[in-house]
Amino acid sequence: MTIMPSDLPLNITGITEDVQDAVADAFPLFESVQMLARLGVSVEFSVAPSTIIATIAVTPTATSVLPALLAELDDARTGTLPTSGNLCVTGLMCQGAVMLRIVIPEGWVTAAELAVLTGTASIDTTDLP
């Protein structure tokens, strides 16, 4: 049985190679994100140990992409952002490995309409025959 020390020294060469790999992987992603930006969609990634969060903000001129984006989400939940009050939908994608937050343009839909779009609304059966 081998016991490894808890405080391993940093391997500068390994870290440099990891940074180079990350930059090389980011270039194709950058190209895709630039295409989205031209369509009025911004994407921001936040990466932390065991967590990847992608925040997608949609402008009013690009709201036609929202149904397709929302269809890709698993476990969609509607809510508002605490800092701005903007409506947003959070959920998971990429086999649950990425949390996606989609920020909805102000005034595009109400919270109730957004819940219907995402399938998170409960159906009101009081008016049904």
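Check the entry above for the structure.
This is a predicted model, so every value here is computed, not measured.

Asks: Sorry if this is basic, but what is going on with a negative patch on the surface here?
Replies: Taken together, the side chains of E17, D18, D21 and D25 present a region of like negative charge at the surface. Here D18 is to be found in helix 1 (residues 12-39). Judged by its relative accessible area of 52%, D18 is exposed.

Asks: What exactly am I supposed to notice about helix 3 (residues 111-118) here?
Replies: Think of an α-helix as 3.6 residues a turn; residues three or four steps apart then line up on the same face. Listed in full, the buried residues belonging to helix 3 are L114, A115 and T118. In a view along the axis of helix 3, the buried residues occupy a sector of 100°, so they form one face of it. Pointing more than 90 degrees away from the buried face of helix 3 are the exposed residues A112 and V116. Looking at the buried residues of helix 3, the elements they touch are helix 2 (66-71), strand 3 (74-80) and strand 4 (87-93). A positive backbone phi angle near 75° is found at G119, which sits one or two residues after helix 3.

Asks: Please clarify how the pairing of strand 2 (residues 51-58) should be interpreted in this entry.
Replies: In regular strands, side chains alternate between the two faces of the sheet. Pairing geometry for strand 1 (residues 41-48) and strand 2, over 8 bridges, is antiparallel. Within strand 2, the residue paired with V41 across the bridge is V58. Counting the residues between successive antiparallel strands, the hairpin from strand 1 to strand 2 contains 2 residues, one of them, S50, with a positive phi of roughly 60°. Of the pairings in the sheet, the one linking strand 2 to strand 5 (residues 98-103) comprises 5 bridges and is parallel in character. Paired with I53 across the strands is M99, a residue of strand 5.

Conventions we followed
Residues numbered from 1 in each chain as written. Predicted model: local features only at pLDDT ≥ 70, side-chain atom pairs only at ≥ 80, totals over all residues. Heavy atoms only, no water. Patch = residues over 30% accessible without salt bridge, like charges linked within 9 Å, V, L, I, M, F, W, Y side chains within 5 Å. Areas by Shrake-Rupley, 256 points an atom, 1.4 Å probe, with all protein chains shown as cover. Salt bridge = Lys/Arg side-chain N within 4 Å of Asp/Glu carboxyl O. Lys, Arg positive; Asp, Glu negative; His and termini not counted. Charge placed at Lys NZ, Arg CZ, Asp CG, Glu CD. Helix = DSSP H or I, 4+ residues; strand = E, 2+ residues; numbered from the N terminus. Buried < 20%, exposed > 50% of the residue type's maximum accessible area, 1.4 Å probe, protein only. Arc of directions from axis to C-beta. Contact = heavy atoms within 4.5 Å. Pairing = 2+ DSSP bridges.

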